[in-house]
Amino acid sequence: MKEADPGVIMEDDFSIRRMEREDVDFAIGLARNEGWNPGIHDADAFYAQDPDGFLIGEVDSEPVACASMVRYNNTFAFWGLLIVREEHRGRGYGLAISNAALDHAGDRIIGGDGVVAMQQKYRDRLGFEILYRNIRYRGIGGGEAPEELIQASEIPFNDLCAYDATIFSAPRPRFLRPWLSQEDATALASTGPDGEVRGYGVIRRCFDGHKIGPIFAETPAIAAALLDGLTAAVPGETFFFDVPEPNAAAVALAQERKMETVFETARIYRGGAPAVPLEQVFGVTTFELG
């Protein structure tokens, strides 16, 4: 493999470069075609976290593959959006763009969510360890929002970021600001008697229905209130809820509400795993960025 310039890697007729913002829409489109159902406004929040972490692979200037490796800080990165267009598969393009993404992570711990068909390859070829399943549930929105919830926008942004950083694998203010304020989304929070954040959640519009993510909460009762508040925001419409299987209370919330299992991934890590309080992760933010 030869280096063409600091942003472009060449191998035979296949070239890899960093995405511009408009290229992220191509990646979101590929994810939609794969049935992953991304949010219609995901691209802005994704790109804001690490503009250098989005790669596009081209053959004769035609985009055929993509991958992301979003660096959150000096110790943690998250891998996602690894897709090769179907007619170009089997030519090594996926491995080439994967290696370029891994290079971008450096010596950071790398997380990811692997679909079932790729999990063995991630483990055997790229050195990832499978830790647990994430389960996607589907339900229909409705009901009443609990009165104790407030709009997340009523909480000082720095306070919400600080709370999020106690649960997510790294601080992520550059991602959270556009994520919380995106169009066609509802962000709710629960606070304690002194105004301290005790949980928050987001539901956003996707190409098919809506997705919840995250729901972080101190207790199952707070998580249940957030879930009910978010689903009340989309009455009669389909929503999806991604739950880490080790959080039995989160699984129970979905099952008690008669949600249907429709998809799964495996949470994978390379280079170790960050200390995450999974008992407070009731809904995964996004399979693409963690």
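Residues numbered from 1 in each chain as written. Predicted model: local features only at pLDDT ≥ 70, side-chain atom pairs only at ≥ 80, totals over all residues. Heavy atoms only, no water.

**Let's talk about the state of the cysteines**
Logical step 1: In total, this model carries 0 disulfides according to the counting rule given.
Logical step 2: Cysteine Cys 66 remains unbridged, with the sulfur of Cys 206 as its closest cysteine sulfur at 17 Å.
Logical step 3: In this structure Cys 66 comes out as buried when scored by relative accessible area, which is 0%. (Disulfide = S-S within 2.5 Å. Buried < 20%, exposed > 50% of the residue type's maximum accessible area, 1.4 Å probe, protein only.)

**Topic: the UniProt feature "domain: N-acetyltransferase" (unreviewed entry) in the chain**
Logical step 1: In this numbering, the UniProt entry assigns the feature "domain: N-acetyltransferase" (unreviewed entry) to residues 14-156.
Logical step 2: For residues 14-156, the helix share is 29%, the strand share is 36%, and the end-to-end C-alpha distance is 46 Å. (UniProt positions renumbered as here; feature names shortened; annotations may be inferred. Helix = DSSP H or I, 4+ residues; strand = E, 2+ residues; numbered from the N terminus.)

**Some thoughts on the domain arrangement of the chain**
Logical step 1: Looking at the assigned domains, one finds that the chain contains domain 1 (14-118) and domain 2 (136-283).
Logical step 2: Each of domain 1 and domain 2 has a C-alpha centre, and these two points are 24 Å apart.
Logical step 3: Of the residues lining the interface, 28 residues belong to domain 1; the matching set on domain 2 comes to 32 residues.
Logical step 4: When the two sides are added together, the surface that domain 1 and domain 2 hide from each other amounts to roughly 2600 Å², 58% of it contributed by carbon and sulfur.
Logical step 5: At the junction of domain 1 and domain 2, the tally comes to 2 salt bridges. (Domains from an automatic or database assignment. Contact = heavy atoms within 4.5 Å. Buried area = accessible area lost by both parts, 1.4 Å probe. Salt bridge = Lys/Arg side-chain N within 4 Å of Asp/Glu carboxyl O.)

**Focus on the packing of aromatic side chains**
Logical step 1: Counted under the stated rule, the structure contains 14 aromatic pairs.
Logical step 2: When the centroid spacing of 5.2 Å and the interplanar angle of 20° are considered together, the rings of Trp 79 and Phe 128 count as stacked. With Trp 79 in strand S6 (residues 76-84) and Phe 128 in the loop between helix H4 (119-126) and strand S8 (129-140), the pair connects residues that are 49 residues apart, well separated along the chain.
Logical step 3: Relative accessible area serves as the criterion here: at 4%, Trp 79 is assigned to the buried category.
Logical step 4: By relative accessible area, which is 3% here, Phe 128 ends up buried.
Logical step 5: When the centroid spacing of 5.9 Å and the interplanar angle of 85° are considered together, the rings of Tyr 200 and Phe 216 count as edge-to-face. One end of the pair, Tyr 200, is in strand S11 (residues 197-205); the other, Phe 216, is in strand S12 (residues 210-217), with 16 residues separating them in the sequence. There is no split in this pair, since Tyr 200 and Phe 216 are both buried.
Logical step 6: Three or more aromatic residues joined by ring pairs make a cluster, and in this case those are Tyr 72, Phe 76, Phe 78 and Phe 168.
Logical step 7: Looking at Arg 172, its charged tip hangs above the ring of Phe 168, at a distance of 3.8 Å from the centre. (Phe/Tyr/Trp six-rings, centres within 6.5 Å; stacked < 30°, edge-to-face > 60°. Lys NZ or Arg CZ within 6 Å of the ring centre and 35° of its normal.)

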